[in-house]
Amino acid sequence: MLKLTIFPEGFNEPSGSPFAVKALCLVENSGQPYEVIVTPDPRKAPKQKLPVLEHGANVIPDSDQIRDYLESAFDVDYDKGLSDEQRAVSRSIIRMLEEHLYFAIYSDRWQDDGNWALTKSIYFNDMPPVIGGFITNQIRKGAVAQITGQGMGRHSPTEQATRVEKDIAAVETILGDKPFLFGDTPSGADYTAVPFLAAAAAFPSETPITTVVQSRPNLMAYIARGKDTFYPK
Ligand SMILES: N[C@@H](CCC(=O)N[C@@H](CS)C(=O)NCC(=O)O)C(=O)O
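Every value quoted in this text rests on a predicted model; they were computed, and no experiment measured them.

## Side note on the domain arrangement of the protein
Assigned domains within the protein: domain 1 (2–73) and domain 2 (84–230). Averaged C-alpha coordinates put domain 1 and domain 2 at centres separated by 18 Å. Each partner contributes residues to the interface: domain 1 has 17 residues there, and domain 2 has 22 residues. Around 1,600 Å² of area is buried between domain 1 and domain 2 when both sides are counted, 61% of it from carbon and sulfur atoms. When the area that domain 1 buries against domain 2 is broken down by residue, the three leading residues are Phe11, Pro18 and Phe19, summing to 40%. There are four salt bridges connecting domain 1 and domain 2. Of the charged contacts, one joins Glu98 and Lys22 as a salt bridge, the two residues approaching to 2.8 Å between their closest N and O atoms. Here domain 1 is connected to domain 2 by eight residue pairs in polar contact (both at pLDDT 80 or more). Mapped onto the side of domain 1 that touches domain 2, the elements with two or more residues apiece are helix H1 (18–28) and helix H2 (63–73). For the side of domain 1 that touches domain 2, the element with the highest residue contribution is H1, accounting for seven residues. When the residues that make up the side of domain 1 that touches domain 2 are grouped by side-chain class, the tally is six nonpolar, five polar and six charged.

Calculation notes
- Each chain carries its own residue numbering, running from 1 in the written order of its sequence.
- Local features in this predicted model are restricted to residues whose pLDDT is 70 or higher, and side-chain atom pairs enter the listing and the counts only when it is 80 or higher, whereas totals over whole chains, interfaces and linings include all residues.
- Values reported for side chains reflect all heavy atoms of the structure, with hydrogen atoms and water molecules removed beforehand.
- Boundary definitions for the domains trace back to an automatic or database domain assignment.
- Contact between two residues is taken to exist if any of their heavy atoms lie within 4.5 Å; hydrogens are not considered.
- Accessible-area loss on putting two parts together, using a 1.4 Å probe and summing over both, is the definition of buried area adopted here.
- Salt bridges are counted wherever a side-chain nitrogen of Lys or Arg sits within 4 Å of a carboxyl oxygen of Asp or Glu.
- Between N or O atoms, a polar contact is any pair within 3.5 Å; within protein, one atom must be a potential hydrogen donor and the other a potential acceptor, and residues adjacent in sequence are included only when both atoms are from side chains.
- Strands are runs of DSSP state E lasting at least two residues, helices are runs of H or I lasting at least four, and both sets are numbered from the N terminus onward.
- In this count, Pro and Cys sit with the nonpolar residues alongside Ala, Val, Leu, Ile, Met, Phe, Trp and Tyr, while Asp, Glu, Lys and Arg are called charged and the others, Gly among them, polar.

If you want it as structure tokens, here you go:
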């Protein structure tokens, strides 16, 4: 039995982490039985990050490695039917959203002082007041260090939105009027694009990033279609 460890639900998604939602979609659509373990604490994970998949003695950290594992262990091909060129475009979309858009989402939730209060209430509302405040501030410090270290956090929220708007417009152009990025059925890139676009749109108050996604009805319909089609029910 596969065991997938993820962060708890949040921002109207089955996990507050879009990487975890991606992994959940990969596992759900692998055709294998699985169970989900939810934890708010990634410290015991091999790379101190979630998601992590376990299969017998195999422990697979990182959603990319989880995909590789599922594809080799169970003879799944999430890009079945795609040409070599489509597979290459798919890989580029995945990298762009996971390594660029992600940091703008991360910054929106964790770095902006105004947004932080809301994020804290979504992720940590069951912590005791005094000690909870200390722990959450430490976790936030680590998050902000990662976001500024990567570079996205050095841009203002408006500059960040201007950068990711071009990525999001590129995804919208590739989608065109198709139901999914490469045709009538979902493929690997959709398992990233839907959770990451949903995460970008989901912050409960309006931000420059939420506006970029929410102002595009075609993408909002795509997110809803993806959730209906390949999220666990
Ligand atoms: N490349 C990893 C990224 C996973 C990742 O960044 N997970 C974040 C949550 S979205 C995490 O576990 N953060 C915990 C931390 O940095 O302390 C993947 O694809 O799984």
